[in-house]
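Single-letter residue listing:
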Amino acid sequence: MTPAEQESFKKWLKGIPYEIKFWQSFYNHRPSLTKLYSWSDYGQRCTLDNFDVQSFLSASGSSPLMIDVGCALSYVPGTLFDNAGVRMHLVDPLAVFYNRILDKTGSDRMRLKTGMIELLSTLYAEGSVDLVHVRNALDHSANPMAGIMECLQVLRTGGVLYLHHHINEAEREAYRGFHQYNLDSHDGKLVIWNRTYSIDVAERLKEVADVRCEILDNTYVIAVIEKKKALPEPLYDRQEAPRRATEMMSLAIETFNRPGFAFSYNIHKLQAAIAHPLMRRIPRSAVTRLKSLLRPS
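Attention here is on the structure that accompanies the text.

Calculation rules
The numbering scheme is per chain: residues are counted from 1 as the chain's sequence reads. The predicted origin of the model limits local features to residues at a pLDDT of at least 70 and limits the giving and counting of side-chain atom pairs to 80 or more, whereas totals for whole chains, interfaces and linings rest on all residues. The basis for the side-chain values is all heavy atoms of the structure; hydrogens and waters are excluded. Labels follow the DSSP assignment, with helices taken as runs of H or I lasting at least four residues and strands as runs of E lasting at least two, numbered in each case from the N terminus. As defined in this context, the radius of gyration uses C-alpha atoms, and a globule is described by 2.2 Å times the residue total to the power 0.38. The cut-offs for exposure are 20% and 50% of the maximum accessible area for each residue type, with area from a 1.4 Å probe on protein chains only; residues under the lower value are buried, those over the upper are exposed, and the others partly exposed. Here, two residues are considered to be in contact whenever any of their heavy atoms come within 4.5 Å of each other. Only the protein chains shown count as covering a residue, and every accessible area follows the Shrake-Rupley method with a 1.4 Å probe. For the charge count, each Lys or Arg is scored as positive and each Asp or Glu as negative, with His and the chain ends excluded. Charge positions come from single atoms, namely NZ of Lys, CZ of Arg, CG of Asp or CD of Glu. When DSSP finds two or more bridges between a pair of strands, those strands are recorded as paired. In this description, a line fitted to the C-alpha atoms serves as the axis of each element, helices being fitted only across the stretch in contact, and the angle between N-to-C directions of two axes falls anywhere from 0 to 180 degrees. Here is the rule for angles: anything less than 35 degrees is roughly parallel, anything more than 145 is roughly antiparallel, 65 through 115 is roughly perpendicular, and the remaining ranges are oblique. Nonpolar residues are Ala, Val, Leu, Ile, Met, Phe, Trp, Tyr, Cys and Pro. Charged residues are Asp, Glu, Lys and Arg, and all others, Gly as well, are polar. Residues enter a nonpolar core if they are buried and are Ala, Val, Leu, Ile, Met, Phe, Trp, Tyr or Cys, with the set joined through side-chain atoms within 4.5 Å. In this scheme, a helix's expected span is set at 1.5 Å multiplied by one less than its residue total. When the near helix sits turned anticlockwise from the far one by under a right angle, the crossing is termed left-handed; a clockwise turn instead gives a right-handed crossing. A pair of aromatic rings is counted whenever rings of Phe, Tyr or Trp (Trp by its six-membered ring) have centres within 6.5 Å, and the orientation is called stacked for planes under 30 degrees apart, edge-to-face for over 60 and tilted otherwise. Only when the NZ of Lys or the CZ of Arg is both within 6 Å of the ring centre and within 35 degrees of the ring normal is a charge said to sit over the ring.

## Re the overall build of the protein chain
- Counting secondary structure elements, the protein chain contains 11 helices and 10 strands.
- Expected size for 297 residues packed as a compact globule is a radius of gyration near 19 Å; at 19 Å, the protein chain falls within 12% of this value.
- In terms of principal-axis extent, the alpha carbons of the protein chain reach across some 50 × 45 × 35 Å.
- Across the 297 residues in the protein chain, those meeting the buried criterion constitute 50%.
- In the protein chain, 68% of the contacts between residues at least 6 apart in sequence involve partners at least 24 apart.
- Carbon and sulfur atoms make up 54% of the accessible area of the protein chain, which totals about 14,100 Å².
- Side chains of the protein chain carry 36 positive and 33 negative charges; the gap between the two charge centres is 8 Å.

Written out as structure tokens, the structure reads:
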């Protein structure tokens, strides 16, 4: 891991309480959960903006695999397919916490598998996945480009990585918590950037994938990345994910055992435990106003 990636991962660790309490507050407040589910397609026919997912998976063999990475508990994509053999996995690094929320609230929704986008090849074999769906999650990762490469590694040739994200979410969230990177489209090109980093994804992947990028409703950036061939070295190092996993584990253990970090982590946990249930019970406009007041100028 580079120094920048290490710092991003530490910020990700610090943001864990926010995410857990965020989802707990939804699942423990019936009106909020009802509203959340109102825009979820769970239990319905799967449709994706700017991509014909049904035709794609119908042409992908008898038992294609679709994985939703970094999904948390929003359950956005539909779960019904014209191809009855479609398998669907939900993958998130905080799966153990989210599954506890589902268990404690008696939810019958699909449980999640533990996995990180930067380490996806440690969970799935090369070429074993037909479609990777990532919605509002790649910008939360410690290394988005590494995450994209891991998705391509597990995809079969002809497989698709589908990205659907709010434009420049880290800027909007003032780089708090998990929000460390922005996704945008510059002249139809997918760009991942923050205050010190910018990368043209199509340029980086030109040897191995086709990248189509569009803006939807002036709000979302949608990219469809089709894998054209196996990832060659040095573009992709097959030993990188196992090394990164070891480094992440070591860094997490070291970070959590620092008294200052442990104290700060628990303070954030307490703040999130108070703030999120409160936000579920006040008007959205008030929440937006409060966030703007707290955002650094």
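Right, picking up where we left off after that structure.
## Regarding the sheet that holds strand E7 (residues 189-194)
- A sheet is described by the order of its strands in space; here 3 strands give the open sequence E6-E7-E8, paired in antiparallel fashion. The open sheet has two free edges, formed respectively by strand E6 (182-186) and strand E8 (197-200), since each of these has just one partner strand. The sheet shows a mean angle of 25 degrees between the axes of neighbouring strands, direction not considered.
- Pairing geometry for E6 and E7, over 5 bridges, is antiparallel. Bridging from a neighbouring strand, Leu183 pairs with Ile192 of E7.

## Structural notes on the sheet that holds strand E5 (residues 155-166)
- Ordered by their spatial adjacency, 7 strands build an open sheet running E3-E2-E1-E4-E5-E10-E9, and the pairing between neighbours is mixed. The strands lining the two open edges of the sheet, one partner per strand, are strand E3 (113-114) and strand E9 (209-216).
- Sheet topology places strand E1 (residues 65-69) next to strand E2 (residues 87-92); 5 bridges connect them, and they run parallel. Within E2, the residue paired with Leu65 across the bridge is Arg87.
- Its contacts with the sheet place helix H6 (residues 144-154) against strand E4 (129-135), E5, E9 and strand E10 (220-227), and it is angled at close to 145 degrees to E5.

## Considerations on the packing of helix H2 (residues 16-27) against helix H3 (residues 30-38)
- In the contact formed by H2 and H3, the axes pass within 6 Å of each other and the chain directions differ by 100 degrees. In terms of orientation, H2 lies roughly perpendicular with respect to H3. Note on element contacts: H3 touches H2 through Ser32, Leu33, Leu36 and Tyr37, opposite Trp23, Phe26 and Tyr27.
- Across the contact of H2 with H3, the residue classes break down as 6 nonpolar, 1 polar and no charged.

## Describing the nonpolar core
- Residues Phe9, Trp23, Tyr27, Phe51, Leu73, Leu112 and Leu131 are the most contacted members of the largest nonpolar core, which totals 47 residues.
- Excluding residues within four positions of it along the chain, Trp23 makes contact with Leu36, Ala72, Leu73, Ser74, Tyr98 and Ile101.
- Counting 36 residues, the second-largest nonpolar core is a separate cluster that includes Ile117, Leu138, Ala209 and Val221.

## Let's talk about unusual backbone geometry
- The linkage connecting Glu233 with the following residue, Pro234, adopts the cis geometry, with an omega of 5 degrees.
- By secondary structure assignment, the location of Pro234 is in the loop between E10 and helix H9 (240-256).

## Some details on H9
- With 17 residues, H9 ought to run about 24 Å at 1.5 Å a step, and its terminal C-alpha atoms sit 24 Å apart, in line with that.
- Tucked into the core, H9 has its buried residues touching helix H1 (3-14), H6 and helix H10 (259-279).

## A closer look at H1
- The end-to-end C-alpha separation of H1 is 17 Å, in line with the 16 Å expected for 12 residues at 1.5 Å each.
- The inward-facing, buried residues of H1 abut H2, H9 and H10.

## Describing the packing of H2 against H10
- In contact at an axis separation of 8 Å, H2 and H10 are set at 25 degrees when each is read in the N-to-C sense. Here H10 runs roughly parallel to H2, going by the angle between their axes. Taken as a pair, H2 and H10 cross one another with a handedness that is right-handed. Counted together, Ile16, Pro17, Tyr18, Lys21, Phe22 and Ser25 of H2 and Tyr265, His268, Lys269, Ala272, Ala273, His276 and Pro277 of H10 form the full contact between these two elements.

## Considerations on the packing of aromatic side chains
- Under the criterion given, the structure shown has 13 aromatic pairs.
- Grouping aromatic residues by their ring pairs yields a cluster made of Tyr18, Phe22, Trp23 and Phe26.
- In this structure, Arg280 packs its charged tip against the face of Phe26, placed 4.1 Å from the ring centre.

## As for the pairing of E8
- Alignment of E7 against E8, held across 4 bridges, turns out to be antiparallel. Within E8, the position partnered with Ile192 by the bridge is Ile199.
- Counting the residues between successive antiparallel strands, the hairpin from E7 to E8 contains 2 residues.

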